[in-house]
Amino acid sequence: MSETIAQTGMINLIIDGRDISVPRGTTIFDAARLNGIAIPTLCHQQNQAPVGVCRVCIVDVGARVYAAACIRECEPGMKVKTAEPGVVQARATLVEMLMSDHPSPCARQQHSGDCELETMAKAAGVSEPRFARRLSTRGRDDSSLSIAVDHEACILCDRCVRGCDEVKKNMVIGRSGRGYATHIGFDLDLPMGSSTCVSCGECMVSCPTGALTNKRVVDSRLQGDRLDPEWILQLPVFKGVSGTFLELNQGAVVKRAIPPGEIICREGEFGSTAFYILEGSVDVYINTPIAHVQQEDAAGGWFSRIRSKLSDRRTHTRDEESSRRYIPIDAPVDLPYDKPVAELAAGDLFGEMTCMSFHPRSATVRAKTQVVVLEMLRNVLDILQKNKTFRAELDRKYRQRALETHIRSVPVFAKMPQDFVNYLRDRVELIRFSPGEVIVRQGDEADAFYLVRLGFVKVSERHPGGDVVLTYLGRGSYFGEMGLLGGGVRTATCTALDHVDVVKIAGEDFHLMLSRFPDIREGLEQVARERAEMNRRRVASTEHVPIGDFLNQGLMEAQSLLLLDLEKCTRCDQCVRACADAHEGVTRLVREGLRFDKYLVATSCRSCRDPLCMVGCPVGSIRRRGSMEIIIEDWCVGCGLCVRNCPYGNLNLHPFAVQVPDPAQPTRMVAATRNKATGCDLCMEHEEPSCVYACPHDAAHRVEPLAFFGSMLGARDQRHTGSTEGTSK
Amino acid sequence: MHGRAPTSPIFDELRAIQRAHGYLPEAELRALADRQRIPLFRLQAVASFYPHFFLTPPARAEVRVCGDMACHRHDGNGLRERLAARFNGQDVNVRHVSCLGRCDLAPAIAVNDRIFEKVSDAGAGSLIEFALAGASPAQLAASASAEASSDRRRRVECDPYADQSSQYGVLRAYVQSKDWPGLIATLKASGLRGLGGAGFPTGMKWELVRSQPGPEKYIVCNADESEPGTIKDRHIMTHAPHLVVEGMILGGLVAGARHGILYIRHEYTDQEHILQHEIDRCYREGILGDRVMGSDLGFDLEIFVSPGLYICGEESALLEAIEGKRAEPRNKPPFPGQLGGGLWAKPTVINNVETFFFVPVILSKGVDWMKTAGRNGSAGVKFVGVSGDVVNPGVFEVPMGTPYRELIEGHAGGVPPGRTLKSYAPSGPAGGYLPASMLDLPLDWNAMTQAGATVGSGAIVVCDDRACMLDMALNSVRFFRNESCGKCVPCRTGSTKMTEMLTEWTKGRRGPHDLALYQELCHAMRLASICGLGQVVHVPIASVMKHFPDEVEAHAKGRCPAGVCFRLGAPA
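Conventions and cut-offs
- Residues numbered from 1 in each chain as written.
- Chains lettered and ligands numbered in written order.
- Predicted model: local features only at pLDDT ≥ 70, side-chain atom pairs only at ≥ 80, totals over all residues.
- Helix = DSSP H or I, 4+ residues; strand = E, 2+ residues; numbered from the N terminus.
- Rg over C-alpha atoms; globule rule 2.2 N^0.38 Å.
- Buried ≥ 20, exposed ≤ 12 C-beta atoms within 10 Å, placed from the backbone.
- Pairing = 2+ DSSP bridges.
- Contact = placed C-beta atoms within 7 Å.
- Nonpolar A, V, L, I, M, F, W, Y, C, P; charged D, E, K, R; others polar.
- Axes fitted to C-alpha atoms, helices over the stretch in contact; angles between N-to-C directions.
- Parallel < 35°, antiparallel > 145°, perpendicular 65-115°, else oblique.
- pLDDT = per-residue confidence, 0-100.
- Expected span 1.5 Å × (residues − 1).

Visitor: I'd like to hear about the overall build of chain B, residue by residue, with values.
Guide: Of the regular secondary structure elements, chain B holds 24 helices and 13 strands. Here the C-alpha radius of gyration of chain B, 23 Å, is about what a compact globule of 572 residues would show, namely 25 Å. For the C-alpha atoms alone, the extent of chain B along its principal axes is close to 70 × 60 × 45 Å. Taking all 572 residues of chain B together, 55% fall into the buried category.

And the structure:
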């Protein structure tokens, strides 16, 4: 077809009084450019098909209206005037109108002083636009890790649209809305970070203003060799990424050579980078004792001190303890409970959760051989993760190496026969969700079962008056079985809390598994029943509560509360001291907290409506029991994130002096301090908590909340009205 | 069964989803994207562009009130505000809608996509109550049948056929003679022009497409009449569908097109049914299909229901819509008649309903009839709609050359008793407003052009002495603002800046730079916009500045001579 349009030969025309000869099919813009006449433009770029939408390149061709030079082809005998007063005037008006809606200086102007619109406005003498400013706000989108979107600065030039859809063929960006409300949209007008954007950077490189800019990562000074973008682009895992984008992000990925034995990262530390192994191999292991804190009554009776010690589950079995055989970590492998060590080699990526969601390091990594790694910040990791080649490679490895231990680490699946694991290996889907994305929605058809691979999933149920968070699920947890086992309808909504990877098992495979393995069915049904009962109780506990404040403070959901009567309390801190005395000098009581009426609610886990402590545990060692108390599993690495996350200060770090292998010489043991998280145990070993006993003013009480506050709340349930005070001294 | 023209399935798919769910749920859009292998952004691009589609669940009563020109003259904007206030807090969404094509039956509203004409506050209120009570759109429509127009099929005067059996006689003769050059010569000699408003000679257009290389060509009838005041195509499609279809078949055979598409606005449901009935008849009788009237010539015709918007009437935007895209006008050249510029880049004839209608009329009655049918030296007949402040609004079939005074005061019965005529718009908002002193201008292309106006689409809207012309100018500019597709900067931003500025003027606030900015805006929009919409945004206010300067000036001094402006509520 194109042959029939494009007839060969040269044509002659006049531009600004000059005789010009160009091949047929040349645009006026190109003809002028080739002859040294610059026509201003905002929407046109040499590497993109012209669209003629900004109209800044208008020229007078002697017709009824002006023509857009970028898209209008030269015609024989055409007389073109590119800088007539009328043309210049119209251009200035267009620029002034755009400037009146532009947040000047925009991000690009601020960073590099080269916003094309602002530069053009300056040249045209437009300083303070005389048009009224835009009334409606268009907003910003901060969801992408690598590209900042400021719709306010967008001039709808369609350069990003063409860059994404035509140059890179990624098919993500389009125009959305109409008229003055038109804006660029990603997929179904989603936040960029939730869209199928692969962060190639082409849109940002194409954008003439500050609408799409490179997101600078704060911690951009990595130790190591800075890399030439061209070298990076040679790596298959960076295929398709814009070179300009890498140039802008120099320093966000570095190459490091590490000698054998050197520690690359330590468990419990905070960090912001991920590592990709180019050469060599590393050991990944947990260097904290695999044990939990056990309380022991040293001399009998509550009068004496309680002693804490570390015990593992072989020597001290706790009620409802997890029987998982693998510890989930932030790497493509799981660590065996009994011997928490594994090896990673070239092509492996670790530290994803730390990098994407700033979780503490889940394990210690030490170079086994001479190692070369790429260490990167989250904007670079984001690009890698969205690269299809890399993604496929990661997925392949995961299926090969980790899927089996992942499946088996779920207790009910622990004994799944090998052939069925192999069957699932190629059938499961590995899917990634961005923060806030809904994975399954309550009421929708249940069509799959999910294992959490990375990140945290919030499980919530719709109720009049708002959603109730039932729990948070981290790595090694699963969801979706209730709908599949029950009526085929989702019973709760599961939302990605941060960057979440899941293993999706199709409904048909799930049902096949149930029909083939009655044990698994029984196990799942048992858990489903327990979950349903737990959910029912949680919801029921909030149903009778008349006072919003009470509810808001989470008091209602507590199993047991420690209250300080502020009218009686003299702030003598005897309670705090007693607690410390009882717990080897580490108090678990802080005489601070929420106030309700005249009471200070001092301590004890409340099994909150929204159990924030569970979010972010890098090794998934904190969870809720059926009774909703918090249990900390043996593989806690003592990072302290749960302690920080608990809004009520009810979790503490408990340091222990331990012997650990010397990193320099692993056969030798050295003394070290390792932390374990603990919660208030309410001095369960005693008849009464030490703090209550110690209070000289009768100000401290341990109470059952509903019973204690019953009359105060005017509770409808008459059962509670008899005892306004629970057990107290 | 017959062959189908390649039209995008996207709108049918979206409509099916919306019928099932009431809106377009994300999951359905994702499933559609998978099924049709369409990138998500393309679905979003169109679903968010056409107001017909809901991206979130609609209210129980979605109420759309027209407030453009004729409906504004009949207090459509006041009605909207009163309804919004009355149903505030209920599951009712009252919004402005651009012209529904019922200018002769103003004010018009749509409730849950059903259109109601000449509604009163009470009538509209009970419709909404009924919708809130759960009435289906069909039940709604049935409840208000008394209020609906009784468009009974009437014979148009210039119909050359005495009865149904003689219809398609012109086509029969040309299929036998195959004298296509003679057909084109007749059209050229008759001086028939495109009657959608631009007035391009029809014979030339058809000849151009006929001469283009390649076997694939299309013929498209633009029945997307959406400009305020324009109601003539509705009338023609209702009363003479056979002539429209015959004109299209003739055009197709002349141009060498195998497929014709009749692009109709979705608010014209009745006309869609009438035309579909006519097309079905043609297939039954062998007038359409592989062997047109037993010959070796094939031609298929189908209806494409517009996803809606005034901009779809712009010919290249209309083609974009058929291709399943946002109706954004293309840069021209290439024009639709040229290779690379038409539907799917193939040479395409696009003509207005009325143009196709007149082709068999002229071919049957002859070139001489054109001369005798006109008056005062003008040739031919024209359908004009007269609406606004007149006693007897409607569509009239009149000789070209008839003075506007006669159209307004004679055919349409003049302004209501006791009122005086202040102004008339000869062609909707795009033709500007003329003063009463120019009433004796004839309905003639040349005479009107000389007077700085246009016959345009024959959409005459009348304003009596109660109208404020600055308010009318704002109303018309705002219409263009509402309908701007947003593709190019001058129109997208300029129409908004102009509307905001005029809104301030009607409140007596004129900034120190405003008159200069007004001039600069007119200049930039007229000369730099991609399409005809952007190029005429300024026309209504420019005409009022020219013909009613005192009235505009009075506002700057805080006075509205007609007593309209300083008591109006918030504009649409």
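We are not done yet, so read on.
Visitor: Describe the pairing of strand S8 (residues 173-176) of chain A, listing the residues and the values that go with them.
Guide: All names here are of chain A. Of the pairings in the sheet, the one linking S8 to strand S9 (residues 183-186) comprises four bridges and is antiparallel in character. Within S9, the residue paired with Arg175 across the bridge is Ile184. Between S8 and S9, which pair antiparallel in sequence order, lie six residues; one of them, Gly177, sits at a positive phi of approximately 80°.

Visitor: Describe the interface of chain A and chain B, listing the residues and the values that go with them.
Guide: With 38 residues of chain A in contact, the opposing surface of chain B contributes 39 residues. In terms of residues, the side of chain A that touches chain B owes the most to one element, helix H3 (residues 85-100) of chain A, which gives seven residues. A breakdown of the residues in the side of chain A that touches chain B according to their chemical character gives 20 nonpolar, 11 polar and seven charged.

Visitor: Quick rundown of unusual backbone geometry? Include the residues and the values.
Guide: For the bond running from Ala106(B) to Pro107(B), omega is -5°, close enough to zero to count as cis. With respect to the element layout, Pro107(B) can be found in the loop between strand S2 (92-97) and strand S3 (109-111). With an omega dihedral of 0°, the bond running from Pro333(B) to Pro334(B) counts as a cis peptide bond. Following the sequence through the fold, Pro334(B) ends up in the loop between helix H14 (315-322) and strand S8 (348-352). A positive phi angle, close to 50°, is found at Asp16(A), a residue other than glycine. Position of Asp16(A) among the secondary structure elements: in the loop between strand S1 (10-15) and strand S2 (18-23). You will see that Met171(A), though not glycine, has its phi angle at about 55°, which is positive. Take Met171(A): there are 16 C-beta atoms within 10 Å of it, and that puts it in the partly exposed class.

Visitor: Lay out the packing of helix H10 (residues 202-211) of chain B against helix H12 (residues 241-255) of chain B in plain terms, naming residues and giving numbers.
Guide: Residues and elements named next belong to chain B. Across the interface, H10 lies against H12 with an axial gap of 8 Å and an inter-helix angle of 40°. One finds that H10 runs oblique with respect to H12. Counting all contacts with H10, which are made through Trp206, Val209 and Arg210, the residues of H12 involved are Gly251, Val254 and Ala255. Residues that form the contact of H10 with H12 fall into these classes: four nonpolar, one polar and one charged.

Visitor: Describe in detail the confidence of the model for chain A, supporting the description with residues and values.
Guide: All names here are of chain A. On average, residues of chain A score 81 in pLDDT, and 82% of them are at 70 or above. Confidence drops under a pLDDT of 50 for residues 1-6, and excluding neighbours within four residues, the segment shows six contacts in the predicted structure. In this model residues 300-304 is a low-confidence stretch, pLDDT under 50, and it forms nine contacts with partners more than four residues away in sequence or in other chains.

Visitor: If you had to explain the environment of Val380(A) to someone new, which residues and values would you point to?
Guide: Residues and elements named next belong to chain A. Its place among the elements puts Val380 in helix H11 (residues 378-386). With 30 C-beta atoms packed within 10 Å, Val380 lands in the buried category. Sequence separation between Val380 and Phe245 is 135 residues; the distance between their C-alpha atoms is 10.0 Å. Sequence-distant contacts of Val380, that is, excluding residues within four places in its chain, are made with Asn249, Ala252 and Val253.

Visitor: Describe helix H19 (residues 469-483) of chain B, with residues and values.
Guide: The first and last C-alpha atoms of H19(B) sit 21 Å apart over 15 residues, in line with the 21 Å expected at 1.5 Å per residue. Along H19(B), 15 of the 15 residues are buried, which leaves the element largely enclosed by surrounding structure.

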